[in-house]
Amino acid sequence: MRYVIVGGVAGGATAAARLRRIDEKAEIILFEKGQNISYANCGLPYYIGGVIKERENLFVQTPEKFGRLLNLDVRVQSEVLSIDRSDKQIRVREANGREYSEHYDKLLLSPGALPFVPPLPGVDSPGVFTLRNVEDTDAIKSYLDTHKVKRAIVVGGGFIGLEMAENLHARGIAVNVIEMAPQVMAPVDFSMATIVHAHLQEKGIGLYLGKAVKSIEKRGEVLTASLDSGEKIEAELILLSIGVRPNTKLAADAQLAIGPARGIQVNEYLQTSDPDIYAIGDAIEYPHPLTGKPWTNFLAGPANRQGRIVADNMHGQTLRSYEGAIGTAIAKIFDLTVAATGLPAKALKREGLPYESVTVQPNSHAGYYPNAYPLTLKITFHPESGMLYGAQCVGIEGVDKRIDSIAQIIKRKGGIADLMQTEQAYAPPFSSAKDPVALAGYVAD
Ligand code: FAD
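Summary of the structure given here. Just so you know, these numbers come straight off a predicted model, no measurement behind them.

In spatial order, the strands read β4-β5-β6; together these 3 strands make up an open sheet with antiparallel pairing. Among the strands making up the open sheet, the edge pair consists of β4 (78-84) and β6 (99-103). Averaged over neighbouring strand pairs, the angle between their axes works out to 30 degrees when direction is ignored. Pairing of β4 with strand β5 (residues 89-94), which is carried by 6 bridges, proceeds in the antiparallel orientation. Looking at the pairing, Glu79 lines up with Arg93 of β5.

Moving on to the side chain of Gln183. Mapped onto the fold, Gln183 is located in the loop between β11 (174-179) and α6 (190-202). Of the residues examined, Gln183 reaches a relative accessible area of 7% and is grouped as buried. A polar contact of 3.1 Å, which involves the side chain of Gln183, links it to the backbone oxygen of Met185. Separated by 3.1 Å, the side chain of Gln183 and the backbone nitrogen of Phe190 make a polar contact.

Another point: the pattern of salt bridges. Applying the stated criterion across every chain yields a total of 27 salt bridges. Arg151 is the partner of Glu236 in a salt bridge, and the nearest nitrogen-oxygen pair spans 2.6 Å. On the criterion of sequence distance, the pair formed by Glu236 in the loop between β15 (232-235) and β16 (237-240) and Arg151 in strand β10 (residues 151-155) is long-range, its members being 85 residues apart. Notably, a salt bridge pairs Glu166 with Lys332, separated by 2.3 Å at the nearest N-O pair. Here Lys332 lies in strand β22 (residues 329-333) and Glu166 lies in helix α5 (residues 159-170), a separation of 166 residues in the sequence. Assessed through its relative accessible area of 11%, Glu166 is described here as buried. Lys332 sits in the partly exposed class, given a relative accessible area of 39%.

Parameters and conventions
- In this convention, every chain numbers its residues from 1, walking through the sequence in written order.
- Where local features are concerned, this predicted model is filtered to residues with pLDDT of at least 70; where side-chain atom pairs are given and counted, the filter is 80 or more; whole-chain, interface and lining totals use all residues.
- With hydrogens and water stripped out, all remaining heavy atoms of the structure feed into the side-chain values.
- The rule for pairing is simple: two strands pair if DSSP sees at least two bridges between them.
- Starting at the N terminus, helices and strands are each numbered in turn, a helix being any DSSP run of H or I of at least four residues and a strand any DSSP run of E of at least two.
- Helix axes are fitted to C-alpha atoms over the stretch in contact, other axes to C-alpha atoms as well, and angles between N-to-C directions run from 0 to 180 degrees.
- We call a residue buried when its accessible area falls under 20% of the maximum for its residue type, exposed when it is over 50%, and partly exposed in between, using a 1.4 Å probe and counting protein chains only.
- Under this definition, polar contacts are N or O atom pairs within 3.5 Å; protein pairs additionally need one hydrogen-donor-capable and one acceptor-capable atom, and for neighbouring residues in sequence, both atoms have to be side-chain atoms.
- Here a salt bridge means any side-chain nitrogen of Lys or Arg lying within 4 Å of a carboxyl oxygen belonging to Asp or Glu.

The following block contains the structure:
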């Protein structure tokens, strides 16, 4: 059996490793357009900011070591150009321009997502960047190292945008964040985002909310972003972090079904509309476990999990269905941690689903023990059944464990009664006997 995988980072590399573990004899070829495989996308902002000091620490595996260790044929700088489904062939182009075809028995697409770049005047000026991979990271870092960048603009106040704002600030750069929506961090409600707004401003980050960049102009070293409000902001570097789109070109060109959320459509076995082609990761859409509606989810955990499941399904001995992810996500924004899972109130409103919400603001651990900080936890739930829809949490410490435990309850279709039954380890430095998760349940009850 010959397995061919397109994309060698989160989903693709995981699937390759799992395939080898379950099938010792299979031929496995991994194609990656870039120079690297299996690297830490999520660590890229921290390398730019200098928190991660060594570049090689970004690489979980090198192509050579990964290939040798698992007996895989790893081909980097090899872009898959097209799929010929009738002959089960793919067309590949190497960095040197050489093209060739390769046969597959089963094909896996894990090509990730592409950063959205709006068609604005001046958007392709030198000094304007997006951040998606190691090549982008090297370009940004080298620009910072070779230019006098004193001011930066981050366009887009999502997770990556704000992580970058923090890391540019850590390099002594004055940062302005421009966000079209009235709030940063789209997965949380406005009331929660206001805590983040105040914290960003406290740290000296300029915030332009509800404003959009209309054009960029470069004169000498200075880039000027003109906003729809008429304001003009100057910087020496601009990072566009406006969001990503599923990378569906290969799939669409091969006439595989693309869904309404613009991702590659897959069934519960992560199989596309062609039974010999599977797809995972940022490129796919699937029904949201709570709404049933198609959605895309650009997170590393789901891509890795899907990689494992899809390998089993491609091998075929054990079929495993993918239950879907509810978008459990977290970010460090300076001293704050911001995390969310499931559906916030604004999404429920949009969906027309009846809901209630409760917000509690207890301490992160027992108030009598030093360094307890307020933690804000908001839950959304069905007004009659009490079924949980989502949770958002902002605070200095202990945010991650609260969101993670609520995410497990939501994934099991649990409700506010389950919040009250949650059992958590407690001692004064870590929590309170009445943990914030239980407290949210008591208030909602
Ligand atoms: P990727 O890991 O992006 O891999 C896709 C690969 O396919 C790419 O290397 C690409 O070059 C290759 N490829 C595409 N087309 C072709 C082709 N035609 N031929 C050959 N190769 C091709 N998620 C979190 O959960 N937490 C975080 O903290 C977090 N931080 C992030 C920070 C940054 C800066 C970025 C960019 C992403 C972050 N993510 C985070 C998102 C996470 O990295 C992705 O969700 C995950 O990597 C998706 O895995 P994937 O396999 O679908 O795609």
